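This is what each chain is made of:
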Amino acid sequence: MALRVICLMSRFNARGVTTACRSMSSKANSKNIGFIGLGNMGGPMASNLMKGGHKLHVFDVSKEAAGKMKAQGATVYDKTSDLAGKSDFVITMLPNNDIVWKTYEEMTANGVNENTVFIDSSTIDPNVAQQVQKLVKAKGGRFVDAPVSGGVPGAVNATLTFMVGGTESEYECVKTILVDMGKRITHCGSYGMGQAAKLCNNMLLGISMIGVSEAMNLAIRLGLDPKVFSDIVNSSTGRCWSSEVYNPVPGVTPTAPANKGYAGGFSTELITKDLGLASGIATSSNTPIPMGAMAHQIYRTLKSRGYGSKDFSVIYEFLKNEKNN
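Residues numbered from 1 in each chain as written. Predicted model: local features only at pLDDT ≥ 70, side-chain atom pairs only at ≥ 80, totals over all residues. Heavy atoms only, no water.

Taking an unreviewed UniProt entry as the reference, the protein chain is identified by name as 3-hydroxyisobutyrate dehydrogenase belonging to Glossina pallidipes. As stated in UniProt under Subcellular location (unreviewed entry), the record for the protein chain gives "Mitochondrion". (UniProt positions renumbered as here; feature names shortened; annotations may be inferred.)

A word on the overall build of the protein chain. Of the regular secondary structure elements, the protein chain holds 13 helices and 11 strands. The C-alpha radius of gyration of the protein chain comes to 21 Å, within 12% of the 20 Å expected for a compact globule of 325 residues. When its C-alpha atoms are laid out on the principal axes, the protein chain stretches across 65 × 45 × 35 Å. Per-residue burial over the protein chain gives 49% buried out of 325 residues. Counting contacts in the protein chain only where the partners sit at least 6 residues apart, residues at least 24 apart contribute 63% of the total. Counting every atom, the protein chain has about 15,600 Å² of accessible surface; 53% of that belongs to carbon and sulfur. Side chains of the protein chain carry 33 positive and 25 negative charges; the gap between the two charge centres is 4 Å. (Helix = DSSP H or I, 4+ residues; strand = E, 2+ residues; numbered from the N terminus. Rg over C-alpha atoms; globule rule 2.2 N^0.38 Å. Buried < 20%, exposed > 50% of the residue type's maximum accessible area, 1.4 Å probe, protein only. Contact = heavy atoms within 4.5 Å. Areas by Shrake-Rupley, 256 points an atom, 1.4 Å probe, with all protein chains shown as cover. Lys, Arg positive; Asp, Glu negative; His and termini not counted. Charge placed at Lys NZ, Arg CZ, Asp CG, Glu CD.)

Moving on to the UniProt feature "domain: 6-phosphogluconate dehydrogenase NADP-binding" (unreviewed entry) in the protein chain. In the numbering used here, UniProt assigns the "domain: 6-phosphogluconate dehydrogenase NADP-binding" (unreviewed entry) feature to residues 32-189. Along residues 32-189 one finds 42% helix and 25% strand; the C-alpha atoms at either end are 27 Å apart.

To continue, consider the environment of Ser62. Within the fold, Ser62 resides in the loop between strand S4 (55-59) and helix H2 (63-71). When its relative accessible area of 28% is taken as the criterion, Ser62 is described as partly exposed.

On to the domain arrangement of the protein chain, then. If you check the domain split of the protein chain, you get domain 1 (32-190) and domain 2 (197-320). Its C-alpha centre places domain 1 at a distance of 27 Å from the equivalent point of domain 2. Contact residues are listed per partner, giving 16 residues for domain 1 and 13 residues for domain 2. Interface area for domain 1 against domain 2, summed over the two sides, is near 1,100 Å², with a carbon-plus-sulfur share of 66%. (Domains from an automatic or database assignment. Buried area = accessible area lost by both parts, 1.4 Å probe.)

The next subject is unusual backbone geometry. The backbone phi angle of Tyr262 is positive, close to 60°, even though this residue is not glycine. By the element assignment, Tyr262 lies in the loop between helix H10 (241-244) and helix H11 (268-284). Relative accessible area serves as the criterion here: at 4%, Tyr262 is assigned to the buried category. Backbone geometry at Asn286 places phi at a positive 55°, although glycine is not the residue there.

Scanning all chains against the criterion turns up five salt bridges. Ionic pairing is found between Arg239 and Glu244, a salt bridge with its closest N-O pair at 3.0 Å. Of the charged contacts in the structure, one is a salt bridge between Lys273 and Asp274, with a shortest N-O distance of 2.9 Å. Of the residues examined, Lys273 reaches a relative accessible area of 21% and is grouped as partly exposed. (Salt bridge = Lys/Arg side-chain N within 4 Å of Asp/Glu carboxyl O.)

This part takes up the UniProt feature "active site" (unreviewed entry) in the protein chain. UniProt's feature table lists "active site" (unreviewed entry) at Lys198, given in the numbering used throughout. Within the element layout of this structure, Lys198 appears in helix H8 (residues 193-221). Among residues more than four places away in sequence, those in contact with Lys198 are Thr123, Pro147, Val148 and Met163.

In this section: helix H1 (residues 42-51). With nine of 10 residues buried, H1 lies mostly within the body of the structure. Taken residue by residue, H1 has Gly42, Gly43, Pro44, Met45, Ala46, Ser47, Asn48, Leu49 and Met50 as its buried positions. Looking one or two residues past H1, Gly53 carries a phi angle of roughly 95°, positive in sign.

Attention shifts here to the packing of H11 against helix H12 (residues 290-307). Think of two packed helices as two axes; the pair is described by the angle between the axes and how far apart they sit. Where H11 meets H12, the closest approach of the two axes is 9 Å, and the angle between their N-to-C directions is 145°. Read as a crossing pair, H11 and H12 show a hand that is left-handed. Every residue of H12 that contacts H11 at Thr268, Glu269, Ile271, Thr272, Leu275, Gly276 and Ser279 is listed here: Gly292, Ala295, His296, Tyr299, Arg300, Leu302, Lys303 and Tyr307. For the contact of H11 with H12, the per-class residue count stands at six nonpolar, six polar and three charged. (Axes fitted to C-alpha atoms, helices over the stretch in contact; angles between N-to-C directions. Left-handed = near helix turned anticlockwise from the far one by under 90°. Nonpolar A, V, L, I, M, F, W, Y, C, P; charged D, E, K, R; others polar.)

Bringing the packing of aromatic side chains into the picture now. What describes a pair of aromatic rings is the distance from one ring centre to the other and the angle between the planes of the rings. According to the stated counting rule, one finds seven aromatic pairs in the structure shown. Note on Tyr104 and Phe118: the rings are 6.0 Å apart at their centroids and 65° apart in plane angle, and the pair reads as edge-to-face. Highlighted residues: Tyr104 in helix H4 (residues 97-107) and Phe118 in strand S7 (residues 117-120), separated in sequence by 14 residues. Taken individually, Tyr104 and Phe118 each receive the classification buried, so the pair is uniform in this respect. Centre to centre, the rings of Trp241 and Tyr246 are 4.6 Å apart; their planes meet at 20°, and the pair counts as stacked. The exposure class assigned to Tyr246 is buried, which follows from its relative accessible area of 2%. (Phe/Tyr/Trp six-rings, centres within 6.5 Å; stacked < 30°, edge-to-face > 60°.)

Here you go:
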């Protein structure tokens, strides 16, 4: 059932700023939602919004990606500013800091509708998210950061976790839209805190994928059957998402990118970027991350060896071909 959202902003009063966001179920009143960035994650997320009964307005630099959404009934735009003008909510799912900032600069250059809520689900530096929020606010709109976790399977199955940075009322408002794409929507705090949570999570993800790949490679070299060892890990203390849902060894987890030549999924280039962002905020906060720094260096090496476009679980393939000299 589609959700109709009415957001009412009030002035300062003796208790501070109050923001009311009321939601009412309505089949006849789906929202106009703009979606920018229709890649491995964004495409399935946009499709799930359409399944939820919303009207989609989309943009992507890839004509092929935009064409797939058009075939499902979405309206394709050549300019993000035109898309924003037709949307109650605008969701962005983009690769990096620079592209996010440039997109919002261009999209808001001539101002925005005051009731439009912008939701950035990219993974970027928390400081950039805060800067984008100030930009959007200055142009008359509202903004929250809401990065996701769950990978491509989560995007396809609408089981993503959203980490939201913004006010409590903004969180309640966007939650009515995000539930069509995820099963867990968490308010992490003020602007940028969603990104802080995401980067910490992805640092752990990168570390755990390397650990699982090392353990699987060692077990196989010692003569253990990979499926047998995987079953042991997933019923023991070593169990984690990388071992159970996204196992890096071909033939162990049927739906994992390892069974597709490590194509699609979450690229080595992107995990390298995220680990670099985590290193940056660790430096600025004077926080030691020895394992995170090592994981970053390992993935930088993979990227330099030509694995950048492969899913990040390709670390197993890399280790499999290495020797302990």
